[in-house]
Structure formats: C-alpha cells, structure tokens
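The residues making up each chain are set out below.
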Amino acid sequence: MEWANQLCENRQFGSKMTDSKYFTTTKKGEIFELKAELNSDKKEKKKEAVKKVIASMTVGKDVSALFPDVVNCMQTDNLELKKLVYLYLMNYAKSQPDMAIMAVNTFVKDCEDANPLIRALAVRTMGCIRVDKITEYLCEPLRKCLKDEDPYVRKTAAVCVAKLHDINAQLVEDQGFLDTLKDLISDSNPMVVANAVAALSEIAESHPNSNLLDLNPQSINKLLTALNECTEWGQIFILDCLANYTPRDDRESQSICERVTPRLSHANSAVVLSAVKVLMKFMEMLPKDLDYYGTLLKKLAPPLVTLLSAEPELQYVALRNINLIVQKRPEILKHEMKVFFVKYNDPIYVKLEKLDIMIRLASQANIAQVLAELKEYATEVDVDFVRKAVRAIGRCAIKVEQSAERCVSTLLDLIQTKVNYVVQEAIVVIKDIFRKYPNKYESVIATLCENLDSLDEPEARAAMIWIVGEYAERIDNADELLESFLEGFHDESTQVQLQLLTAIVKLFLKKPTETQELVQQVLSLATQDSDNPDLRDRGYIYWRLLSTDPVAAKEVVLAEKPLISEETDLIEPTLLEELICHIGTLASVYHKPPSAFVEGSRGVMHKRLPARTGSGESTESPDVGTAAGGSAPEAAPSIIPSQGDLLGDLLNLDMAPPTTTGPPPPNTGMQMGGMDLLGGGLDSLMGDESEPLGGDIGGSPAMGAGFGAAPAVMPASLNAPVGGGLGDLFDLGGGVGMPMGAYIPPKTVWLPAMKAKGLEISGTFARRAGVIQMELILTNKAMSVMTDFAIQFNRNSFGLAPAGPLQVLTPLGPNQTIEVSLPLSTVGPVMKMDPLNNLQVAVKNNIDVFYFSCQYPISMLFVEDGKMERQVFLATWKDIPNDNESQFQIKDCHLNSDAASSKLQGSNIFTIAKRTVEGQDMLYMSIKLSNGIWVLAELRVQAGNPNYTISLKCRAPEVSQCVFQCYEAVLKN
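Residues numbered from 1 in each chain as written. Predicted model: local features only at pLDDT ≥ 70, side-chain atom pairs only at ≥ 80, totals over all residues. Heavy atoms only, no water.

Q: So what's going on with the overall build of the protein chain? Which residues, and what values?
A: Tallying secondary structure elements over the protein chain gives 38 helices and 15 strands in all. Here the protein chain holds 973 residues, and the buried ones make up 52% of them. At a minimum sequence separation of 6, the contacts of the protein chain that also span at least 24 residues come to 70%. Total accessible area computed for the protein chain in this model is approximately 43,100 Å², and 51% of it derives from carbon and sulfur atoms. (Helix = DSSP H or I, 4+ residues; strand = E, 2+ residues; numbered from the N terminus. Buried < 20%, exposed > 50% of the residue type's maximum accessible area, 1.4 Å probe, protein only. Contact = heavy atoms within 4.5 Å. Areas by Shrake-Rupley, 256 points an atom, 1.4 Å probe, with all protein chains shown as cover.)

In structure tokens, the structure reads:
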C-alpha cells in the first residue's frame, strides 16, 4: 500500500530512538486519550499522538473516529507531522468521504507552498485519495503542479494524472490533463519524461485504441535522449514504450538499436530484459546480411549470461525469458552452452529450466559436452531431475542424428545401473529413438528385455510392449514375454491394455501358427471381459479384420509408421512472437499471453513482431487492419494458445449426451441491456424492446455485457414490399426480389494433421433457419483410433459457444473422415478479440488437446429480424456521428442492383429502399447482429461499372471492416 511505503520513508525524519514504543500500548479508553492529545497546544505532544494513531492504523485497529482531529493537525509547518497526517488521510478518506472534503483547502494551500517537497507531497496524496466527491476540487492544484518550476513536483504530478484517470477518466479528458502529459514528454528533466511516459502507458492500457502515445521519430528521439539520464525504473518505462513503436525502415531500426544497446550493461536485471525486448523486436527489421546484425547478436549474449549469476529466483525469471529467446534466435547463445550446465546447489526449478535450454542449444558441435553432462545428471539423487535428464538424452538423439549412436550407448550404460526409475525412463526414450531411426539400433532389444520384470510404471510398460510387438520377429520368446503381461490384464492401465492388444495382434500377423491361442485370449479379454469402450472397439476391429481379410489386417496393423518430429515442445510461432514482445513481464515467465491470466476491465492488446523490410520501405503498425477497399486477410490469425492456456482444462468436460435432441433454441436475447458489446446500441431509437436480464453473463466488465431478451415477434415475411412514407428522400422503384440462399464460405483446413498428432480439422460456418452451424470435417491421418471428442471455445467478441457436445458417435479409425455439424449459440462469455471475428478453439480426443484459431464470417451473426423501419433508418443514419462512417470499394462485381439486393437478403442484409440518381442506383440497407448492434449501409451501383461503393454507419465502428468483408464475399460468390 502506498501509505505503508511512505511510512517507511518517514523514518528518515524520526528520532534515532526506536519507534516500537508506539506499538506496545494496550490501554483501554485509548481513543479518548488520543483525541485529547491530538487537540493539545503542544506541537511535540500532537506529533506523538499522530504517531500513535498511525501505529494503531498499521496493526489494523480502527481509528477512523479520530478523522476530524487528525485532519486539524494538517495546518502545520512541520514536514514530518504533515506526512503522517497525509498517510492517515489516504487510508481513511474512502470510508469518510464527507470528512475528507475538509482537507481540500489544505491541499490547495500546500500546492502553492514555497517548499517543493510539500507541493509534491500534497499532489501525491491527492492522487491516492480515491473519493469522487473531491476529485473536481483537485483539478486546479494539479494543473499548477504539472507546470511547476520544480521537476520533482512535475514528475509527481504526472503520476497523479494516471491515478486521477483511474478514478474519473472523463474528468481528466475534459480538463485537458492528457494533452499536458503529452507535452511533458518534451520536458527538459529526464525523470519528468519517464513519469509522463509511465502515466500515458498506464492510461493507454485501459484504452487500447486511444493512441495516446502517438510515437513518431521526433518523440522517439526525445525518449532516447532521456533514457541515458533516468533512474532505472524510468529507463524501464521508456524502454517498454519504445518496444511498442514500429520503425519506418531498417535504418531507423538500427539507429534505435545502437542507442538502446548500452542499457544491456545496466546493473538492474529488469532494465537489461527491457532492453533485450526492444532489440529482439527491432532486429526483425534488420537484414540478416547486415554487419550490424551479427554485431548485435554477439552483444546480446553477455548480458543474458550475466543474469545467470544472480540469486535463484532471478535466475529462474532469466531462464524462462532465455527459453523464449533461444526458440526465436538460437544463434545468440549457441556458444554459451557451459553457463547452462547445472550446479549442485541449484534449486530444482532452476535445474529443470537449464536442462530444457541445453536441449534447445544442442548441436553437432557441442553434443559431446552435453551428453557427458546429462550422463552425470542421471546419477543425481533428485528423482524428477534424473528422469528429465534421461529424457533429455533421448531428445538429443532425435535432434542431432550424428549423436544418436552415442546417446543409445549412454542410455544402455544407464540401464546397467539397474536403478528402477532410470531404467523405465530409458526404455520410454529408446522407443522414440526406434521410431526416429528404424532398423538401426534394434540390437539393444535383448538388453531391454532383461529388465522386463522391473517395469512398474504404465508408460514404461507400454513402451516395452510396443517394442516387443514391433520387433517380434527378432525376439525368440516374444510370445512368452507378451503372455507374461497378459496374466494381469485387467489390473493394467488402459494405456498398457491397448498397447498389449495391438502388440499381440502384430505378433500373430508375424507368427500366426505359434500365437493363435494367445491372440484369441487377448481378443476375448478386450471384447467380452472389458468395460472400457476404447479397448472393446479396438478389439472388435482387430477381430473382424483378422476373421474377414488377414491381408488387409496386415496392411493396417503392420503399416509403415511416420517418423516422429524433432522438437515436439516448441511454442507455436504466433504465440512465440507475442511472448517476445512481452519479455521481462509475467507473460514471459508463464509462457502465456497476458489475455490468459489478466482479468478485469482492461482491454488486452495482442502484440506482434514487425515484418522485416528493406531500406526505405515503410511498415504499417502491426495492429493496423487492412486498408479501406483492401481484401480480407487470408492467413489464420493471431494467437494460438499452448495447452492449458486460455481455454481451461478440457479433459474435465462433461461428456454426457445433450438433454434435448432437437435443434438449439434460436439466438434470442442478444440485445445488450444498456450498452452493447462494442459500445452503444440503438436502444433509444428501437424503443423499449427488451427487458435486461439481471447480471453480467461472463462478459468483461468494461463491455457491460448484460444480455436482454429479443423481441418475441418475428417479421411475417423476409421479403416484404418496400413502400410509402419517405418519398421525398427515396424514389422507391419497385420491391425487392426473392432472396437467394445464404452465402456459406468454402471449407478450409483449420488444424493440419502435423500439428495435431494426425488429426486434421477442416471447416466452415453456416446459418440455417436462424441457427449458426460450425460444419467440421475430421480426418484421422494417424495410425491409432481416435475417440472421446469434445470441443470448447475461448471467450470471443460475440459470445459464440457450442450449443451442445461434439457428436462423433463412432471411433475415428486411421484414414477415416467424418463430417460433423455443431450448432452454436451466442450466449457464451464475451471478450473483444483482435481481429474481431477471431475464434480460438480447443478440440480434445483420447490422444491430446489441440488448439487452433479460425475466423468466422460475421454474416453468421446477421439475424432474421434485421429489417429496420424506414423512418427509424433515416433518424438513425442522421443520429450516428459522421466520424463513425466508413467507406469501402468492392471491385470486379458484375451484378445489377436488384440481383445484388436479392443476393444480400439471403444473408440477412435487408434493403430498406432504393433510389436512382443520375444513372446510379443507391440501395439503403440495414443489418442487425445477434448482440443487438445495428449496421446501416448505402450501396452505390453504377450500370456498367464493376466497382461498387459502400458506406457503412454504426455506433460500433469496429465491426465495419468485418461487415465490408461479408459484403465482398457474398457479392463475389
């Protein structure tokens, strides 16, 4: 708490004697006595009394009854006493707002005191008193302090603006404090500059689209000049601000890097990491053949290495950040392997992180060193660390092919130690090595078989069974080995049972005459005696395959397996880019984007690294969307979370069937109560159609996502004739033709098989009879059966959520494809996404949880009752500010106005009226989204001209770009 920090600061004014005496009193009637002392004429007695009050407040006693008496002590020249009274005031002003007004005059007076310390103290305390009633009285003193001659007062006032903005944002904007803050960026004092940047950054976080920090080359130059003379925290604020800037070209990028590089040698690790963040971002724009690029890579290594000599907690933070840096640019630390070698006294969390980075840096040049270290680690006493070390040896073998033989030899040496958990981990990783290098190291199987009896962990038993089944023709007693596992079949875990079933079927196909009885036994156990549906289904499949077509069975079961990939635990590239932009923050320690763990009303901006450009080429800010008239972005967007990020644990999903078999209820209740998703609906114009449901349904507080009920009556006809009423404005030339079917985008691949262990997901979105459908094609390109499918969405801009479970009723076998239609509702939790129509999806099956993101056409949200009355249309068009109007070009479209109108109506884009002016048809249209947002449009169609002009007006202008993309898609397809 702020007052607690100031309490420590006050110690410098205290006497040399200890203050502990103030905390020892246990007298009764203490409040009464303190009251008397506070009103004493003696200054020393008064000061002692205030100290006792602060001591009582510190240990949690309620001394709010003394508020008027303490406030009376403010009228003093004694700085120590004034500080103590201000501490008290900060703590109790919120509970005594009426009494706090008494202090206003003193604040105003203190803001004009000759002593700059008192002026600063007054303005700092003002910012900490979070009472609406008195904020307006504080504006004038704050304005004076922002222009004070003393830099200490100005820097304190700059922070006060951010605090005041948090209490009453409108007041700060109306009083022009934001403009004053922007002026302070040009201040002559570097600390004032740093605090102004910090304050503006804080305010900008709660208003992501405000563009408060309007950075340009001139302001960047001022920040870089101030950077050299600031305190360390000032430097961090400035560096974080620089990281949000996108240079115009590689020359400017290099210039900034050169001026930031000296910060790498700073003693404070936070400054170092902030500087690394700026350099990592701006390096993206430097050509790799540039000499300076190589120099910068060399300069980045020493500061990162130095961070590892700090205490363990700081080391861990540094290692988590280095892990990201190494994934993005391994060349920075490729010669620094030794610093990541584990020390005997490192805590386990540091050891495990170092081990991870060692594997990422392993290469042919250093593999001998790495293996020697890992072999040493495998003899440690910490079981978790030993397990990870053994796994690391296997990962080295898979990553560096030239080292595979040495790795296998090392693993065999470890198996000879006969340490149970070492042996089991070694067998698991040797299975992976066999998968990566078939027909190369099978000579070690005999050694593995010797340790069969010591295996008691499911993963190790399953790995050993796989090896025996896969190489049964090379093992003389393979049938005996597998039969020994069969004895306790029902006591084994599902993983082992499934592997045992497959292994025995493989053995039978390789040695049919000797193992007929064994295969019948396992098929009987799996099908007749088992309650596990996965096991039973696999058993029946094998049974039918073997009994109907043994040749086909051989092709399926003994098919050649795909090689496993080298690095399976890398962070997904778009997520890695975002995390690089958050180096030095909690996001870089959690390896999750801020949106995954930052709750509350602040909008979270997704950050991206800039695109590399040649000299002189300009780059758009990464947050800027496509320009007007540009085409929609094609690439799948934005951030894809790693497992366990945004979507929670899908493994605990309720897999019960839906309670109703009919279609889900139509999308009712989407009109926002009081405030729509993106700020302002048309409630005043639409009449009181909806009664808001109480409470917020999972939306962000800033979005005011209280859903109301939709109108009960649907329009009788979707193509009602247009007529009457506005003849002075519209020349109504005929009605609108019959609507065509709604536009459905073609299916695209959302999740490639290589990223989802063989599961490929393609899909699209459709709206049929008022119900939004997510149409999926699931293809199994793996060798194993997939079951237990479930799906979940992350919070999104329009509350899209599955209306029921994912209905995959039969197991999905290898090379099988199934089409599934998932009905969606729009009553899920709401969070504004970037882009607006981005949807993050998690799909679970029996193998793993997989994540992908896709973009839905916003036309799926256009509801059937979106035809606005003409009078309301005209009034609304005039009422929406002109600043909210966006204009776009639709090129190469060869439809006449009636055909265009009919086609658009199929997607619930309704023509209100049409008029012709100088040979140009002008269609006036309305659209209503599922959350109650209205979009009004004017479409201009000139005969013989394939280019249309469309103007869109909406109270939530953020949706205009997506609506334009829908117009373009519907008209061109």
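Q: I'd like a rundown of unusual backbone geometry, residues and numbers included.
A: Each neighbour pair has its own omega, and for Asp834 with Pro835 the value is -5°, a cis peptide bond. Note that Pro835 resides in the loop between β8 (817-825) and β9 (838-844). With a phi angle near 50°, Ala769 is a residue other than glycine that sits in the positive phi range. Along the chain, the position of Ala769 falls in the loop between β4 (759-768) and β5 (771-780). Even without being a glycine, Asn815 presents a positive backbone phi close to 60°. For Asn815, the position within the fold is in the loop between β7 (801-802) and β8.

Q: Tell me about helix α24 (residues 404-416), and please be specific about residues and values.
A: With 13 residues, α24 ought to run about 18 Å at 1.5 Å a step, and its terminal C-alpha atoms sit 19 Å apart, in line with that. Residues of α24 that are buried: Ala404, Cys407, Val408, Thr410, Leu411, Leu412, Leu414 and Ile415. Packed against the buried residues of α24 are α22 (367-377), α23 (383-399), α25 (420-436) and α26 (445-450). One or two steps after α24, the chain reaches Lys418, where phi turns positive at roughly 65°. (Expected span 1.5 Å × (residues − 1).)

Q: Tell me what's going on with the sheet that holds strand β15 (residues 948-954), and back it up with residues and numbers.
A: As summarised here, the arrangement of the five strands in space is β11-β15-β14-β13-β12, forming an open sheet in which the pairing is antiparallel. Of all strands in the sheet, those with a lone pairing partner are β11 (885-890) and β12 (910-917), marking the two edges. Pairs of neighbouring strands in the sheet enclose a mean axial angle of 20°, with direction left out of account. Against the sheet, helix α37 (residues 897-905) engages β12, β13 (920-928) and β14 (934-942), with an angle of about 5° to β13. (Pairing = 2+ DSSP bridges. Axes fitted to C-alpha atoms, helices over the stretch in contact; angles between N-to-C directions.)

Q: Give a detailed account of the sheet that holds β8, specifying residues and quantitative values.
A: Two modes of strand pairing occur in sheets, parallel and antiparallel, and in both the strands are linked by backbone hydrogen bonds. Read across the open sheet, the five strands follow the order β3-β4-β5-β8-β7; overall the sheet is antiparallel. Strand pairing shows two members of the sheet lacking a second neighbour, β3 (748-751) and β7, which therefore form its edges. Of the strand pairs in this sheet, β7 and β8 are connected by two bridges, and their pairing is antiparallel. What sits directly across from Pro802, in β8, is Leu824.

Q: Residue-level account of helix α10 (residues 139-146), with values.
A: Considered for burial, the residues of α10 that qualify are Cys139, Pro141, Leu142, Cys145 and Leu146. An end-on view of α10 places all buried positions within 160° of arc, on one side of the element. Turning to α10, the residues buried within the fold contact α7 (104-110), α8 (116-128), α9 (132-135), α11 (151-167), α12 (169-174) and α13 (177-184). (Arc of directions from axis to C-beta.)

Q: Tell me about the packing of aromatic side chains, residues and numbers included.
A: For the structure on display, the rule yields 12 aromatic pairs. Summarising the aromatic geometry, the rings of Trp750 and Phe765 are spaced 5.3 Å apart at their centres and angled 40° between planes, so their arrangement reads as tilted. Pair noted here: Trp750 is in strand β3 and Phe765 is in strand β4, with a separation of 15 residues, a long-range link. With respect to class, Trp750 is no different from Phe765; both count as buried. Aromatic side chains Phe873 and Tyr924 sit 6.3 Å apart centroid to centroid with 80° between the ring planes, which places their arrangement in the edge-to-face category. Placement of Phe873 in helix α36 (residues 870-879) and of Tyr924 in strand β13 is noted, with a sequence separation of 51 residues between them. (Phe/Tyr/Trp six-rings, centres within 6.5 Å; stacked < 30°, edge-to-face > 60°.)

Q: Describe the nonpolar core, naming the residues involved and giving the relevant values.
A: Core analysis: the largest hydrophobic core is formed by 215 residues, its most contacted members being Tyr88, Leu142, Val260, Leu374 and Phe434. Composition of this core by domain shows at least three residues from each of domain 1 (362-454) and domain 2 (457-548). Listed in part, the 64 residues of the second largest apolar core include Phe765, Phe850, Leu861 and Val935. (Core = buried A, V, L, I, M, F, W, Y, C linked by side-chain atoms within 4.5 Å. Domains from an automatic or database assignment.)

Q: Lay out the side chain of Thr410 in plain terms, naming residues and giving numbers.
A: Summarising the element assignment, Thr410 is placed in helix α24. Owing to a relative accessible area of 8%, Thr410 belongs among the buried residues under this scheme. Of note is the side chain of Thr410, whose polar atom sits 2.8 Å from the backbone oxygen of Arg406. Beyond its immediate stretch of four places on either side in the chain, Thr410 contacts Lys375 and Ile393. (Polar contact = N/O pair within 3.5 Å; in protein donor to acceptor, adjacent residues only side chain to side chain.)

Q: Got a sec to walk through the pairing of β15? Specific residues and values, please.
A: Counting buried residues in β15 gives seven out of seven residues, a clear majority hidden from the surface. A two-sided burial pattern is seen for β15, the buried positions comprising Tyr948, Ile950, Leu952 and Cys954 on one face and Thr949, Ser951 and Lys953 on the other. In this sheet, β15 lies alongside β11 in antiparallel orientation, the contact comprising six bridges. Looking across to β15, one finds that Ile890 is bridged to Tyr948. Across six bridges, β14 lies against β15 in antiparallel orientation. Considered in β15, the bridge of Glu938 is made with Ser951. The hairpin turn running from β14 into β15, its antiparallel successor, is five residues long, and Gly944 in that turn takes a positive phi close to 85°.

Q: Tell me about the packing of helix α3 (residues 43-58) against helix α5 (residues 79-92), and name the residues and values.
A: Each pair of packed helices can be summarised by the angle the axes make with each other and by the distance between the axes. α5 packs onto α3 with a crossing angle of 35° between their chain directions and a minimal axis gap of 10 Å. Read as a crossing pair, α3 and α5 show a hand that is left-handed. The segment α3 lies against α5, with Lys46, Lys47, Val50, Lys51, Val53, Ile54 and Met57 engaging Glu80, Leu81, Leu84, Val85, Leu87, Tyr88, Asn91 and Tyr92. A per-class count over the contact of α3 with α5 returns 10 nonpolar, one polar and four charged. (Left-handed = near helix turned anticlockwise from the far one by under 90°. Nonpolar A, V, L, I, M, F, W, Y, C, P; charged D, E, K, R; others polar.)

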